[in-house]
Amino acid sequence: MTLNLHKVLFEKFGYASFRAGQQEIIESILNKEDVVAILPTGMGKSLCYQLPGYILPSCVIIISPLLSLMQDQVEQLKKLGEKRVVAFNSFLTPNEKQTLLQQLERYKFIFLSPEMLMQEQVKIKLQSMPISLIVADEAHCISQWGYDFRPDYLRLGEWLSHISRPPILALTATATKHVIEDISTHLTMQQPTLHIQSLDRPNIHYAAVEIDSQENKFERILKQIESFSGPGIIYTQSRRKADVYAQKLSDKGFRIASYHAGMDQIDRMFVQQQFLNNEIDWVCATNAFGMGVHKDDIRQVIHDHIPSSVANYAQEVGRAGRDGSDSLAILFYTKDDEDLSIFITTNDFPDESHIRLFDESIKKGLNPNQLISQGLLTETHVRILTFWLARKKINETIEILQQLKQQKVEQIFQMKDILWNSLCIRQQIVEFFGQKLNSKPLNCCSKCGLNIEELIDSSKEHVRELKLQSWEKRISLLFKGIE
DNA sequence: CGCGAACGCAGTATTGCGTTCGCGGTGCAATACT
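The structure presented is a predicted model; accordingly, all values stated were derived computationally and were not measured. (Residues numbered from 1 in each chain as written. Chains lettered and ligands numbered in written order. Predicted model: local features only at pLDDT ≥ 70, side-chain atom pairs only at ≥ 80, totals over all residues. Heavy atoms only, no water.)

Engineer: I'd like a rundown of the packing of aromatic side chains, residues and numbers included.
Structural biologist: Taken as a whole, this structure holds 11 aromatic pairs when the rule is applied. Where Tyr49 meets Phe111, the ring centres are 6.5 Å apart and the plane angle is 75 degrees; that geometry is what we call edge-to-face. Pair noted here: Tyr49 is in helix α3 (residues 47-55) and Phe111 is in strand β4 (residues 109-112), with a separation of 62 residues, a long-range link. In this pair, the class of Tyr49 matches that of Phe111, namely buried. Between the aromatic rings of Tyr333 and Trp420, the centroid separation amounts to 5.9 Å while the plane-to-plane angle is 25 degrees, which identifies the pairing as stacked. One end of the pair, Tyr333, is in strand β13 (residues 327-333); the other, Trp420, is in helix α19 (residues 394-420), and 87 residues separate them in sequence. (Phe/Tyr/Trp six-rings, centres within 6.5 Å; stacked < 30°, edge-to-face > 60°. Helix = DSSP H or I, 4+ residues; strand = E, 2+ residues; numbered from the N terminus. Buried < 20%, exposed > 50% of the residue type's maximum accessible area, 1.4 Å probe, protein only.)

Spelled out as structure tokens, the structure:
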């Protein structure tokens, strides 16, 4: 078995050895176990389902949260020479969809959103097909988005009960014990095998800096990107601020663009591509930016606010330093940041009046979409309430949503506490995810003592080494291609 | 909730002040229109 795996690894992917955790995960999958795998960003998660795909007899279904992520992975597989790969999503025309649906079993790797999986004709088709493996990519989304944003994530359990259920693999970079439980519940896992790598990223150095006023934040960020270079991401809390900062920094001569959900899909893809191609050095973005951005040499992640949870923070800073070289995660906060964070994360929640309004309109047989066009409810409200009121009584729904809202507020306080107290940031993050930190790197974080000058030197040195390495690697791949 | 921009007013300057208004994250799919 082991020999066989290495053979496939080399022949299909061109690697001589596995990275930490990969082999164990793949062996569990081939052993027909349900698996929850937690691998830090950049540790080769996709290989964990791609390789078994070549060994297992039938297809692999990958549930993916973002269209851009699907497109990326499809392209990646195509580059490896795989033709039997497809993303079944709304980029397809109705005709293309019908055609594809009729010949879906021809494909080896099929990417879908949870929303698409819930569609009746997709359900029926997948019921009739042999499936070897189901993968939940970025599985923390089940917990993070399912309850109050994209309820189709919570419908996966019901969906799974209607197909001949193969083993399931859940992949993520960040999950607490609670999130792991959520994942296994909603993916109907009985006793999943856990493969958990250390979440600590020793080459990421943390800093939290208090700023006396909102107005001074920009000047401080400017100073920051002048002294410790990019490429990097600046996270802001609003779309407008992302645009304003990007404009101001662009005027100062930085190669930068903004990125947020208010932009066209095309523009967003363009910015991401420019960043990956080193045509710009900075992206100033809301939390819309990041998932699926496979850029290895991100040197800085700057925050202009307090993130809405430790999990979000870990995801965002985790995008730095995938190449292993020293990187900086620096966060600027003012004491009043939390007010806006609380407002933004809880504002969308349907309250009791929304819930009763929705319930009454359903009982009267009215279409809830009317309430949207009257401006009484948002689309998200309707989606969330449709989900909960179909499963819970009205009073239970009110209570559940109130609790969820309260949890959101608590998550902000947890984040704030990590920044404000005097303890090591790294240690607190690692412990938040239920792990133990064995050792701290030099220049660990702003609370342990951080010398940014030293970081700049060492990061330059490491980048130089890496460029040499990748040159050798490129040559070896070239020869492989000729053979 | 809390901030900043825009507005309105006074009334003889190109500013000052109080008030109102608008804004504030994350995505899918499908539809309508060019």
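Engineer: Give a description of the sheet that holds strand β8 (residues 204-210) that names residues and reports values.
Structural biologist: An order of β8-β13-β12-β9-β11-β10 is seen for the six strands of this open sheet, with the pairing classed as parallel. Each end of this open sheet is capped by a strand with a single partner; those strands are β8 and β10 (256-259). Strand-to-strand, the axes of this sheet are offset by a mean angle of 15 degrees, without reference to chain direction. For strand β9 (residues 232-235) and strand β12 (residues 300-303), the ladder comprises four bridges, and the chain directions are parallel. The residue bridging Ile233 from the neighbouring strand is Val301, located in β12. Across the sheet, helix α14 (residues 310-317) is in contact with β8, β9, β12 and β13; its angle to β12 comes to roughly 145 degrees. (Pairing = 2+ DSSP bridges. Axes fitted to C-alpha atoms, helices over the stretch in contact; angles between N-to-C directions. Contact = heavy atoms within 4.5 Å.)

Engineer: Summarise the packing of helix α16 (residues 352-363) against helix α18 (residues 379-389); cite the residues concerned and give the values.
Structural biologist: The N-to-C vectors of α16 and α18 enclose an angle of 70 degrees; their axes lie 11 Å apart at closest approach. In this view, α16 runs roughly perpendicular relative to α18, as classed from their interaxial angle. Across from His354, Ile355, Phe358 and Asp359 in α16, the residues of α18 making contact are His381, Val382, Leu385, Thr386 and Leu389. Taken together, the residues of the contact of α16 with α18 break down into five nonpolar, three polar and one charged. (Parallel < 35°, antiparallel > 145°, perpendicular 65-115°, else oblique. Nonpolar A, V, L, I, M, F, W, Y, C, P; charged D, E, K, R; others polar.)

Engineer: Break down the UniProt feature "domain: Helicase C-terminal" (unreviewed entry) in chain A for me, with residues and values.
Structural biologist: Feature annotation in UniProt assigns "domain: Helicase C-terminal" (unreviewed entry) to the following positions: residues 217-366. For residues 217-366, helix accounts for 45% and strand for 15%, while the C-alpha atoms at its two ends are 49 Å apart. (UniProt positions renumbered as here; feature names shortened; annotations may be inferred.)

Engineer: How would you sum up unusual backbone geometry? Please name residues and give values.
Structural biologist: The linkage connecting Gly230 with the following residue, Pro231, adopts the cis geometry, with an omega of 0 degrees. Along the polypeptide, Pro231 turns up in the loop between α11 (214-227) and β9. Phi at Asn443 takes a positive value of approximately 55 degrees, unusual for a residue other than glycine. Looking at the secondary structure, you find Asn443 in the loop between α20 (425-432) and α21 (452-482).

Engineer: Lay out the UniProt feature "domain: Helicase ATP-binding" (unreviewed entry) in chain A with the relevant residues and their values.
Structural biologist: As annotated in UniProt, the feature "domain: Helicase ATP-binding" (unreviewed entry) corresponds to residues 26-193 in the numbering used here. Here residues 26-193 is 41% helix and 17% strand, with 11 Å between the C-alpha atoms at its ends.

Engineer: An account of α11 is needed here, citing residue identities and associated values.
Structural biologist: In this model α11 runs 21 Å from its N-terminal to its C-terminal C-alpha over 14 residues, within 8% of the 20 Å that 1.5 Å per residue would give. Every buried residue of α11 is listed here: Lys217, Phe218, Ile221, Leu222, Gln224 and Ile225. All buried residues of α11 fall inside an arc of 160 degrees around its axis, so they share one side. Of the residues in α11, the exposed ones pointing more than 90 degrees away from the buried face are Glu215, Lys223 and Glu226. Where α11 is buried, its residues meet β9, α12 (239-251), β11 (282-285), β12, β13 and α15 (337-347). (Expected span 1.5 Å × (residues − 1). Arc of directions from axis to C-beta.)

Engineer: How would you explain the protein's contact with DNA strand B if you had to name every residue and give the values?
Structural biologist: Of all residues adjacent to DNA strand B, which total 31 residues, the nearest are Leu67, Ser90, Lys97, Trp145 and Thr286. Between DNA strand B and the protein, one listed contact pairs a phosphate oxygen with a side-chain N or O atom of Glu215 at 3.3 Å. At a separation of 2.9 Å, a phosphate oxygen of DNA strand B approaches a polar side-chain atom of Arg239. Elements supplying a minimum of two residues to the surface near DNA strand B: α6 (114-117), α15 and α18. Counting residues per element, the surface near DNA strand B draws most heavily on α15, which supplies four residues. (Near = heavy atom within 4 Å. Polar contact = N/O pair within 3.5 Å; in protein donor to acceptor, adjacent residues only side chain to side chain.)

Engineer: Let's hear about the sheet that holds strand β6 (residues 168-172): which residues, and what values?
Structural biologist: Across the sheet, seven strands lie side by side as β3-β4-β2-β5-β6-β1-β7; this open sheet has parallel pairing. This sheet does not close on itself; its edge strands, each paired only once, are β3 (85-88) and β7 (193-196). Going across the sheet, the axis of each strand differs from the next one's by a mean of 15 degrees, ignoring polarity. One ladder, built from four bridges, connects β3 with β4; its direction is parallel. Paired with Val85 across the two strands is Phe109, which belongs to β4. Its contacts with the sheet place α3 against β2 (59-63), β4, β5 (131-136) and β6, and it is angled at close to 140 degrees to β4.

Engineer: Break down helix α13 (residues 265-276) for me, citing the residues and quoting the values.
Structural biologist: Counted at 1.5 Å a residue, the expected span for α13 with its 12 residues is 16 Å, and the 17 Å between its end C-alpha atoms agrees. Of the surrounding secondary structure, the elements contacted by the buried residues of α13 are α4 (67-79), β9, β10 and β11. Downstream of α13 by one or two residues, Asn278 has phi in the positive range, about 60 degrees.

Engineer: Tell me about the pattern of salt bridges, and name the residues and values.
Structural biologist: Inspection of the entire model under this criterion finds 19 salt bridges. With a closest N to O distance of 3.0 Å, Asp304 and Lys241 form a salt bridge. Placement of the pair is Asp304 in the loop between β12 and α14 and Lys241 in helix α12, with a sequence separation of 63 residues. Taking the relative accessible area as the measure of exposure, Asp304 reaches 2% and is therefore buried. Overall, Lys241 belongs to the partly exposed group, its relative accessible area being 24%. A salt bridge links Arg356 to Glu352; the shortest N-O distance between them is 3.1 Å. Placement of both Arg356 and Glu352 in helix α16 is noted, with a separation of four residues, approximately one turn of the helix. Here Glu352 falls in the partly exposed class, since its relative accessible area comes to 38%. (Salt bridge = Lys/Arg side-chain N within 4 Å of Asp/Glu carboxyl O.)

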